[in-house]
Amino acid sequence: MTDGVFLTEALAWLIGLMAVGATVLCFGALFALGRSGYRKD
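Residues numbered from 1 in each chain as written. Predicted model: local features only at pLDDT ≥ 70, side-chain atom pairs only at ≥ 80, totals over all residues. Heavy atoms only, no water.

**Quick look at the UniProt feature "transmembrane region" (unreviewed entry) in the protein**
Then step 1. With numbering matched to this structure, UniProt assigns "transmembrane region" (unreviewed entry) to residues 12-33.
Then step 2. Spanning residues 12-33, this segment combines 100% helix with 0% strand, and its end C-alpha atoms are found 31 Å apart. (UniProt positions renumbered as here; feature names shortened; annotations may be inferred. Helix = DSSP H or I, 4+ residues; strand = E, 2+ residues; numbered from the N terminus.)

This is how it looks when you write it as structure tokens:
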């Protein structure tokens, strides 16, 4: 039922989605850190 091609493609999609998510989260964290320097708390 599950052949090697499907498994390889699913793994590639999983790695791709993790990379995109990590990029978005890192950008958000750097943006938040950069903005925190301007606050007058």
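The structure having been displayed, the exposition proceeds.
**Section: helix H1 (residues 4-36)**
Then step 1. Here H1 spans 48 Å end to end across 33 residues, near enough to the 48 Å set by a 1.5 Å rise per residue.
Then step 2. Within H1, only zero of the 33 residues are buried, which leaves it mostly out in the open. (Expected span 1.5 Å × (residues − 1). Buried < 20%, exposed > 50% of the residue type's maximum accessible area, 1.4 Å probe, protein only.)

**Thoughts on a nonpolar patch on the surface**
Then step 1. Together, Leu 11, Leu 14, Ile 15 and Met 18 give the surface a local cluster of nonpolar side chains, amounting to about 420 Å² of exposed area.
Then step 2. Mapped onto the fold, Leu 11 is located in helix H1. (Patch = residues over 30% accessible without salt bridge, like charges linked within 9 Å, V, L, I, M, F, W, Y side chains within 5 Å. Areas by Shrake-Rupley, 256 points an atom, 1.4 Å probe, with all protein chains shown as cover. Salt bridge = Lys/Arg side-chain N within 4 Å of Asp/Glu carboxyl O.)

**Quick notes on the environment of Gly 4**
Then step 1. Following the sequence through the fold, Gly 4 ends up in helix H1.
Then step 2. C-alpha of Gly 4 to C-alpha of Tyr 38: the two residues are 34 residues apart in sequence and 52 Å apart in space.

**Description of the packing of aromatic side chains**
Two measures describe an aromatic ring pair: the distance that separates the ring centres and the angle between the ring planes.
Then step 1. The full count for this structure, using the stated rule, is one aromatic pair.
Then step 2. Between Phe 27 and Phe 31 the ring centres are 6.4 Å apart and the planes differ by 20 degrees, which places this aromatic pair in the stacked class. With Phe 27 and Phe 31 both in helix H1, this residue pair falls four residues apart, about one helical turn.
Then step 3. Its relative accessible area of 61% is what places Phe 27 among the exposed residues. (Phe/Tyr/Trp six-rings, centres within 6.5 Å; stacked < 30°, edge-to-face > 60°.)

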